[in-house]
Amino acid sequence: RLESVRCRADLGRSQRVVIKAGTSTLFGADGYPSLCRISQIVESISALRRAGREVIFVSSGAVAMGRCAMRQQDATTVSTLRSNVFAAAGFSRLMALYHMLFSQLDTTVSDILVTKDDFGSAERRANLHDVLNNLLCHGIVPIVN
């Protein structure tokens with residue numbers, strides 16, 4: 001186990017890597033997904049897996065994907081929607097995109113939707129920890145949203 005990372009070179013010895021991609025990384029200024037950037041992230045994660053690293057991918061973007069999907073709706077309807085509605089509409093679309101891209105590189109992924117309640121009790125934290133460890137032990141990349 002790597003106890004501390006003092007410099008970038010220390011990362012090369014790490015067995016487990018957590019990659020976080022925020023909405024501004026995944027989406028362009030026009031509000032559409034940046035397929036080029038998303039593909040580069042997917043390729044990097046797949047390369048890390050092939051090199052034997054365990055990777056947890058933390059992804060934002062469900063709300064932005066939902067907004068993008070809802071553009072065809074009436075503007076007055078869309079303006080009254082709350083972000084959780086956009087997240088619900090966008091989550092499956094974003095995960096479908098990830099699954100399609102990762103499958104092209106023979107990388108198995110899973111979706112994990114986490115809420116603040118998952119950190120509220122020791123039992124739920126332990127369950128989340130166990131799920132993540134089991135996925136990683138089987139070579140699966142968890143995508144945490």
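As a reminder, the structure under discussion sits directly above these lines.
Residues numbered from 1 in each chain as written. Predicted model: local features only at pLDDT ≥ 70, side-chain atom pairs only at ≥ 80, totals over all residues. Heavy atoms only, no water.

Draft legend 1. Fine view of the overall build of the protein. Helix and strand counts for the protein come out as 7 helices and 4 strands. Across its three principal axes, the protein shows a C-alpha extent of roughly 55 × 40 × 30 Å. Buried positions account for 35% of the 145 residues belonging to the protein. Counting contacts in the protein only where the partners sit at least 6 residues apart, residues at least 24 apart contribute 71% of the total. Carbon together with sulfur atoms contributes 54% to the accessible area of the protein, which is approximately 8900 Å² in total. In the protein, which carries 17 positive and 12 negative side-chain charges, the distance between the mean positions of the two groups comes to 5 Å. (Helix = DSSP H or I, 4+ residues; strand = E, 2+ residues; numbered from the N terminus. Buried < 20%, exposed > 50% of the residue type's maximum accessible area, 1.4 Å probe, protein only. Contact = heavy atoms within 4.5 Å. Areas by Shrake-Rupley, 256 points an atom, 1.4 Å probe, with all protein chains shown as cover. Lys, Arg positive; Asp, Glu negative; His and termini not counted. Charge placed at Lys NZ, Arg CZ, Asp CG, Glu CD.)

Draft legend 2. Expanded view of helix 7 (residues 122-137). Its 16 residues give helix 7 an end-to-end C-alpha distance of 22 Å, which sits within 8% of 22 Å, the value for a rise of 1.5 Å per residue. Of the residues making up helix 7, those classed as buried are Leu128, Leu132, Leu135 and Leu136. For helix 7, the angular spread of the buried residues around the axis is 100 degrees, confining them to a single face. Facing away from the buried side of helix 7 by over 90 degrees, the exposed positions are Ala122, Glu123 and Cys137. Buried positions along helix 7 lie against strand 1 (16-21), strand 2 (54-59), strand 3 (109-112) and strand 4 (141-144). (Expected span 1.5 Å × (residues − 1). Arc of directions from axis to C-beta.)

Draft legend 3. The arrangement of the sheet that holds strand 4 in detail. Taking strand neighbours across the sheet as the criterion, the 4 strands line up as 1-2-4-3 in an open arrangement whose pairing is parallel. Each having just a single partner strand, strand 1 and strand 3 make up the two edges of the open sheet. Direction aside, the axes of adjacent strands within the sheet are offset by 20 degrees on average. With 4 bridges connecting them, strand 3 and strand 4 associate as parallel partners. (Pairing = 2+ DSSP bridges. Axes fitted to C-alpha atoms, helices over the stretch in contact; angles between N-to-C directions.)

Draft legend 4. A look at helix 6 (residues 83-104). Helix length check: helix 6, at 22 residues, gives a terminal C-alpha distance of 31 Å against a target of 32 Å (1.5 Å per residue), a fit within 8%. At Gly90, helix 6 shows its maximal bend, which comes to roughly 35 degrees. For helix 6, the full list of buried residues reads Phe86, Ala89, Gly90, Phe91, Leu94, Met95, Leu97, Tyr98, Leu101 and Phe102. Directly beyond the C-terminal end of helix 6, a positive phi value near 55 degrees is found at Asp106. (Bend = angle between axes of the 7 residues up to and from the residue.)

Draft legend 5. The packing of aromatic side chains, seen in detail. Counting across every chain of the model gives 1 aromatic pair. An angle of 75 degrees between the planes, with centres 5.2 Å apart, marks the rings of Phe57 and Tyr98 as edge-to-face. In this pair, Phe57 sits in strand 2 while Tyr98 sits in helix 6, placing the two residues 41 residues apart along the sequence. Taking the relative accessible area as the measure of exposure, Phe57 reaches 0% and is therefore buried. Over the face of the ring belonging to Tyr32 we find Arg71, whose NZ or CZ atom lies 4.1 Å from the ring centre. (Phe/Tyr/Trp six-rings, centres within 6.5 Å; stacked < 30°, edge-to-face > 60°. Lys NZ or Arg CZ within 6 Å of the ring centre and 35° of its normal.)

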